[in-house]
Amino acid sequence: MKEITEQKGPAERGDSGKISTLSPRHDLVLLVVSVIVFFGCIVSPPGLMDDVDASHGQIARNMIQSGDWVIPHLDGVPYIEKAPLPYWLIAICYLILGVHDWVARVPTALAAILLCWVTARYGRWAFGARAGFYAGLSLVTCVGLFLFTRVLIPDVMVALTVCVGFMSFQRALDPEEDEPHSRRWAALLAVVLGIGVLLKGLIALVFLVGGALVYLALTRQLFLRNTWRRLHVVSGAFIFLVIAAPWHIMATLRMPPYFDFTLHSGPGEYHGFFWFYFINEHLLRFLNLRYPRDYNTVPRLVFWLLNLVWLFPWSVYLPAATRMSYKPVDRAGRARLLALCWAGFVLLFFTFSTTQEYYSMPMYPALALLLGCVINGESKEKWVVAGTRLLGLIATVAAVVVATTLFMVRNAPTPGDISNALRQHPDAYTLALGHMGDLTLQSLAYLRAPLFLAGVAFLVGAAGIWLLRGRRVFLAIAAMMVLFFHASRLALVVFDPYLSSQPLAEALRRAPQGRLIVDGAYYPFASVLFYADRSALLLNGRINNLEYGSYAPDAKPVFIDDAEFVKSWLGADTCYLVADSTELARIGSLVGPRSLHLMAESGGKLILSNSLSAAVAGGSYKVESKRALW
């Protein structure tokens, strides 16, 4: 550890010097911290959450069960909103390790670890070994990367392809005396462009091409023949098409009409795969005209400013980055300018598009590279000192706030699970952090252990910042964040009954076979269907994500209305209904309260049966308590 914080001299390289390496301990420390953060938070609860988390895990399982790896399906309905590679990766992990919730998280965790390592290697090549180490360390311990890898979304994989792409782009263009193998790097650039398109559509291509063109224009290389010679555009385009084109062609042929360029859609309209994937999901979504509009958008200024939170605690050093040189006169200067173009283009793109909080993740590595330079001392020292003092103040205040909160809730009762103390705001749940508004002071009483560990984390950070000297301070900051992340994991465990419906699935597995019905859309109860490995009829659920695919010719008829529900529920067959407790009165008015028997309840969600004996078999209650809910 002393080598990491103290070593100087020949193991570093300047802006124009030749690169050399420090101790392998740099890579080891970064790897250990990454594994503790990302793998340490997938091998135990919480379970997969309702909504996109469990839905994507189930889509991958459906691929294995159906043998259809071209068109993703959810509950028998084509689900063509996203590119397939994330599902393929999860499915491959299922085949190797078995179908478990933690296995579904393995590709995301591996991508996060690899992203931090690649960022460090990029920084080492561009700025020197120690700057690269701090670039990787700041990325692995920033709030945003941890927070947005708690859910099965492909954005961290996209960020990885973008990072590898920009590194390959710069190395392909580097002067021949420093980088004689431009063809290899150009080929790698083409490979990651193809992979990026299979991860999340054209967005990875747009980020890489857009940021690269801005950089080439600023460095006056855009119209130089040597630029395009070193990028090997023709062979690169061939590699890109070989990787990206086959799936798009097969999906288009599987779901005609083949080419429809209609710029409008509505309920009941079906235009095939090509229209939905390229026109609706790319063009119309960018213009905020997509149908169905099952998403929300963050105000532009908020989207920009939230990046200070996502890069916390290291964002306190971003002002110091303004003091560095961005002139492309040497390798370090070119890398800093490219990082600036990279991050700037991502922000500019989403300034004119719909935005979610995590959409800016592909620019995290760019800012981490700049932060690595800052922390390594390649800017005015006073700006770094000011950032450290500010962070020390924040950590101290946070520790005091946590201690005060623990004192305030010391005697607060905690009956049942945390859902009893939350205030629901369903209109906000289309945002990634929509559930944050559900917290109340009483709910914090359920979080005493996580709050205590968070308080310890802030105390460690504050003590390290105020008492240590030199670069040891940055290791103390990293230690603070590692502890804080595990406090967050413990908090998610407490929230598990509210965010996941796994206990309902366990009751369903104990119960006799019967017809499963979900009240409303698939997403709010997705974890029931994942953990029970069941399909379901959706009561008035032809909305949001499954609406378009439901009109495909091969979609299963899983959507029912009130009349069909009443007929099934009052019939001779055993039925189960998963619903929110707030909908109980409405359901009772349809079929009569005496036909509703409670089988299990968790996190404000219920599973009911029309059969008393089935409810008893699946639940853990005595027969007498199973008469009816009224």
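Worth saying up front: this structure is predicted, and the values here are computed from it rather than measured. (Residues numbered from 1 in each chain as written. Predicted model: local features only at pLDDT ≥ 70, side-chain atom pairs only at ≥ 80, totals over all residues. Heavy atoms only, no water.)

Participant: Before we move on, could you go through the overall build of the protein chain and cite the residues and values that matter?
Facilitator: Scanning the protein chain from N- to C-terminus turns up 27 helices and eight strands. When each of the 630 residues of the protein chain is scored for burial, the buried share is 58%. Across the protein chain, the fraction of contacts at a sequence separation of at least 24, relative to all contacts at a separation of at least 6, is 75%. Entry remark: accessible area of the protein chain is about 25,900 Å², with carbon and sulfur atoms responsible for 66%. (Helix = DSSP H or I, 4+ residues; strand = E, 2+ residues; numbered from the N terminus. Buried < 20%, exposed > 50% of the residue type's maximum accessible area, 1.4 Å probe, protein only. Contact = heavy atoms within 4.5 Å. Areas by Shrake-Rupley, 256 points an atom, 1.4 Å probe, with all protein chains shown as cover.)

Participant: An account of the sheet that holds strand β4 (residues 537-539) is requested, with residue identities and associated values reported.
Facilitator: Taken in spatial order, the six strands line up as β5-β4-β3-β6-β8-β7 in an open sheet, and their pairing is mixed. The sheet is open, and its two edges are formed by β5 (559-560) and β7 (597-602), each paired on a single side. By the bridge criterion, four bridges tie strand β3 (residues 515-519) to strand β6 (residues 575-580) in an arrangement that is parallel. Within β6, the position partnered with R515 by the bridge is C575. Each of β3, β6, β7 and β8 (605-609) touches helix α23 (residues 502-510); the most contacted strand, β7, lies at about 145° to it. Running at roughly 135° to β6, helix α25 (residues 562-569) makes contact with β3, β4, β5, β6 and β8 of the sheet. (Pairing = 2+ DSSP bridges. Axes fitted to C-alpha atoms, helices over the stretch in contact; angles between N-to-C directions.)

Participant: Any chance you could break down the environment of L453 for me, citing the residues and the numbers?
Facilitator: Turning to its location among the elements, L453 is positioned in helix α20 (residues 448-467). A residue is classified by how much of its surface remains accessible, and L453, at 21% relative accessible area, is partly exposed. For the pair formed by L453 and F485, sequence separation is 32 residues and the distance between their alpha carbons is 9.6 Å. For L453, the residues in contact, after removing those within four places along its chain, are L483, H486, A487 and L490.

Participant: Explain the nonpolar core to me, using residue names and the numbers behind them.
Facilitator: By size, the foremost hydrophobic cluster in this structure holds 200 residues, and its most contacted members are F38, L145, F169, W314, Y317, W342 and I477. Look past the residues within four positions of I477 in its chain and what remains in contact with it is P313, W314, Y317, L391 and I465. Counting 16 residues, the second largest nonpolar core, distinct from the first, contains I517, C575, L577 and L598. (Core = buried A, V, L, I, M, F, W, Y, C linked by side-chain atoms within 4.5 Å.)

Participant: Can you tell me about a nonpolar patch on the surface, naming the residues and giving the values?
Facilitator: A cluster of nonpolar side chains, namely L390, L393, I394, V397, V401, W466 and L467, defines an oily patch on the protein surface of about 660 Å² accessible area. Contributions of two or more residues to the nonpolar patch are made by α19 (381-408) and α20. At five residues, the largest contribution of residues to the nonpolar patch is made by α19. Locating W466 in the fold gives a position in helix α20. (Patch = residues over 30% accessible without salt bridge, like charges linked within 9 Å, V, L, I, M, F, W, Y side chains within 5 Å. Salt bridge = Lys/Arg side-chain N within 4 Å of Asp/Glu carboxyl O.)

Participant: Account for helix α13 (residues 233-254), with residues named and values stated.
Facilitator: The end-to-end C-alpha separation of α13 is 31 Å, in line with the 32 Å expected for 22 residues at 1.5 Å each. Its axis deflected by about 40° at A245, α13 carries its strongest bend there, up to four residues before the proline P246. Where α13 is concerned, the buried positions are G236, F240, A244, W247, H248, A251 and T252. Residues of α13 that are buried make contact with α4 (85-97), α10 (182-200), α11 (203-218) and α14 (272-286). (Expected span 1.5 Å × (residues − 1). Bend = angle between axes of the 7 residues up to and from the residue.)

Participant: I'd like a description of the pattern of salt bridges, backed by residues and values.
Facilitator: Oppositely charged side chains may form a pair once their charged atoms are brought near each other. Counted under the stated rule, the structure contains 14 salt bridges. Among the ionic pairs, D27 bridges to R124, the shortest N-O distance being 3.7 Å. Taken together, the residues span a long stretch of sequence, with D27 in helix α2 (residues 25-39) and R124 in helix α6 (residues 106-127) at a distance of 97 residues. In this structure D27 comes out as partly exposed when scored by relative accessible area, which is 25%. What makes R124 buried here is its relative accessible area of 9%. For R105, the salt bridge identified is with D53, shortest N-O distance 4.0 Å. You can see R105 sitting in the loop between α5 (101-104) and α6 and its partner D53 sitting in helix α3 (residues 52-66), a full 52 residues away along the chain. Exposure class is identical for R105 and D53. Each is buried.

Participant: Describe the packing of α13 against α14, listing the residues and the values that go with them.
Facilitator: Two elements in contact, α13 and α14, have axes separated by 7 Å at closest approach and are oriented at 130°. Taken as axis vectors, α13 and α14 run oblique relative to one another. Between α13, through W247, H248, A251 and T252, and α14, the contact on the second element is made entirely by F273, F274, Y277 and F278. Along the lines of polarity and charge, the residues of the contact of α13 with α14 split into six nonpolar, two polar and no charged. (Parallel < 35°, antiparallel > 145°, perpendicular 65-115°, else oblique. Nonpolar A, V, L, I, M, F, W, Y, C, P; charged D, E, K, R; others polar.)

Participant: Can you lay out the packing of aromatic side chains for me, pointing to particular residues and giving the numbers?
Facilitator: A complete count under the given rule lists 32 aromatic pairs for this structure. Look at F169 and Y215: their rings are 5.9 Å apart centre to centre, the planes differ by 80°, and that puts the pair in the edge-to-face class. Note that F169 is positioned in helix α9 (residues 155-173) and Y215 in helix α11, a separation of 46 residues in sequence. Measuring from ring centre to ring centre gives 5.8 Å for F303 and F350, while their planes differ by 65°; the resulting arrangement is edge-to-face. Here the residue F303 occupies a position in helix α15 (residues 300-310), and F350 occupies one in helix α17 (residues 331-351), the gap between them amounting to 47 residues. Residues F303 and F350 agree in their burial class; the two are buried. A connected cluster of aromatic rings, assembled from ring pairs, spans F148, F207, F286, F303, W310, F349, F350, Y358 and Y359. Over the aromatic face of F146 sits the side chain of R150, whose NZ or CZ is 4.3 Å from the ring centroid. Geometry around F407 places R410 over its ring, the cationic atom sitting 3.9 Å from the centre. (Phe/Tyr/Trp six-rings, centres within 6.5 Å; stacked < 30°, edge-to-face > 60°. Lys NZ or Arg CZ within 6 Å of the ring centre and 35° of its normal.)

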